[in-house]
Amino acid sequence: ASSYKERKETPITDDNDVIKLGYISPDFTGRHPLAFLMQDVFRFHNASKFQLHLYSLQEQADDSPEVQKIQNGGATGTTTATKWTVLPGTNAKSMAKTIQKDKLDILIDLCGYTGTSVVAEIMSQRIAPIQVAYMGYPGSTGAPYMDYMIADQVVIPSNLRRYYTESILFMPHCYFVNSHQFLPPPPTTDTTLASKTATVCRSTYNLPPSPAFVFCCPSRPDKIDPKTFQVWLRGVYRTREEGRMSGRLDMANACLWLLRSDPAQEENLRQTARATLRMEENGVDAHYGHVDIDEWMIFSDKAPRDTHLQRLALADVILDTPAYNQHTVGCDSLNAGVPMISLLQPDDDSTVNNQIHTTSTPSSDRVTTDKLSSRVGASLLKNVGGGLEDWLVVADMEEYKECMVQCARNDNQWFSSFKHHLLETRETSPLFDTERWVKNLELGLTEMKLLSDSHQTDTDIYIIDDNGIEMQQQ
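Residues numbered from 1 in each chain as written. Predicted model: local features only at pLDDT ≥ 70, side-chain atom pairs only at ≥ 80, totals over all residues. Heavy atoms only, no water.

Describing helix H10 (residues 328–335)
Side chains three or four residues apart in an α-helix point the same way, a direct result of the helix having 3.6 residues per turn.
Thinking step 1. For H10, the buried fraction is high: eight of the eight residues fall into the buried class.
Thinking step 2. Within the sequence span of H10, burial applies to Thr328, Val329, Gly330, Cys331, Asp332, Ser333, Leu334 and Asn335.
Thinking step 3. Next to the buried residues of H10 lie helix H1 (33–38), helix H9 (305–311), strand S12 (317–319), strand S13 (340–343), helix H11 (376–382) and helix H14 (414–424).
Thinking step 4. Just downstream of H10 lies glycine 337, where phi reads positive at about 85°. (Buried < 20%, exposed > 50% of the residue type's maximum accessible area, 1.4 Å probe, protein only. Helix = DSSP H or I, 4+ residues; strand = E, 2+ residues; numbered from the N terminus. Contact = heavy atoms within 4.5 Å.)

Below you can see the structure in the form of structure tokens.
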């Protein structure tokens, strides 16, 4: 049986009631996406309610702007400052003892099972009354010493809740926090301006000049599964064929822009592409005809973060990887004003309201989206608003292909309106409102403390956007 309870925010006014909150991570370094995503998070904690402790496993000095902001950002409110502690060595017991001296109320693990195992060893020693899993590991820890996990109702819907051992703190918007609101605006490109006034040009990356529609996947190639890659190939080729037949040069010149990890990987993908479209020629779908893959499959090398963020603006649409979505890169793309297509299969107990209706893919061919890591793209799109979720979150791979073509076709400028919406709301949408996310997190953390003090366990917490809380007992 489930019970619900609603509570407005409970003020904490007594100094003794300030919650001692810790975050632990081996990734407080400018080289890791976590520091990039969370660089502006900690300064928004309310110092009249939270005493902040940050524990870094990075012994090597890091003077990156991201880490400097994390260390020196402090907190808003009164006078409580952030305490920064570097945990030396690899001895988990010694590190745990260092943390225990701070007598935390809540410790948030930003690592999980990714990277080093030391953090899991530390958490297993139960060094805080409340231990929370977040960000680093996109799934349940399955560990009895982890009390809560931070998520949202897109990445953990009700029909998949039983696969998570922790109690869940459900955020009202996307659970995946970022600091993109504070990045410089996207650059001007030669797709809209004369080359002499543009700051980023397609020719730099061997992309075809305008008019040409650029499908892009800027994620690591190991995230691309074979079924999805085949759908991308067919979508691009279908777009080019339609453009050739209708005289639409932007469609006829469409290309697929991918990230190169090494020459062997690039050649493997090119061979797979040739084999896929050769199979189409042999009778599966004879209209494909001859195609020069090298003409429209374009690879770019990995680039420093600033270059990566700038060149994203050259793409027209981002192709999300269903098996493991684009998390940080998804935020990068949407913040740059580039829409993204993402797969989310209908939940067993609900339906997906999509505007594109096609024949469903046979179950044997399905790419599943029941893992948290395969549902983040849909959560990102839902929380940028503007109807992107209704059009760009697709229910199967056939819809995915058709959506690619529709984006390039851009009937009545509907796709262009999405790009305009993203650029207009990049500083105000819930997805990019860092301060709002922290306020909602604080509501949940406060409720965790109250539940712990009253010895209540196994309770999911639902935040009602900066206003109140609902709780559901498991």
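Overview of the sheet that holds strand S14 (residues 393–394)
Thinking step 1. Strand order in this open sheet of six strands is S11-S10-S9-S12-S13-S14, and the pairing throughout is parallel. Of all the strands in the sheet, the pair left with one neighbour each is strand S11 (297–301) and S14.
Thinking step 2. Direction of pairing for strand S9 (residues 214–217) relative to strand S10 (residues 255–260): parallel, over a ladder of four bridges. The partner of cysteine 217 across the bridge, within S10, is leucine 258.
Thinking step 3. Helix-sheet contacts for helix H13 (residues 397–409) involve S9, S12, S13 and S14, and the interaxial angle to S13 is about 170°. (Pairing = 2+ DSSP bridges. Axes fitted to C-alpha atoms, helices over the stretch in contact; angles between N-to-C directions.)

Section: the pairing of strand S15 (residues 459–464)
Thinking step 1. In terms of residue burial, S15 counts as a mostly covered element, since five of its six residues are buried.
Thinking step 2. By the bridge criterion, two bridges tie strand S8 (residues 167–170) to S15 in an arrangement that is parallel. Each residue of the ladder has a partner; that of leucine 169, found in S15, is isoleucine 461.

Section: empty space enclosed by the protein
Thinking step 1. In this structure the tally under the stated criterion is six cavities of 30 Å³ or more.
Thinking step 2. Space inside the largest cavity adds up to approximately 90 Å³.
Thinking step 3. Around the largest cavity, the lining comprises 14 residues; the ones closest to its centre are His173, Cys174, Pro430, Asp433 and Trp437.
Thinking step 4. The residue makeup of the lining of the largest cavity, split by class, is eight nonpolar, four polar and two charged. (1 Å grid on protein atoms, 1.4 Å probe; cavity = no way out; pocket = protein on both sides within 12 Å on 5 of 7 lines; lining within 4 Å. Points joined across faces, edges and corners; volume = space filled by probe spheres on them. Nonpolar A, V, L, I, M, F, W, Y, C, P; charged D, E, K, R; others polar.)

Some remarks on helix H2 (residues 65–72)
Thinking step 1. Of the residues making up H2, those classed as buried are Glu66, Val67 and Ile70. Axial view of H2: buried residues confined to an arc of 90°, hence all on one face. Those residues of H2 that are exposed and angled more than 90 degrees off the buried face are Pro65 and Asn72.
Thinking step 2. If you follow the buried residues of H2, they end up packed against H1, strand S3 (50–56), strand S4 (83–86) and H9. (Arc of directions from axis to C-beta.)

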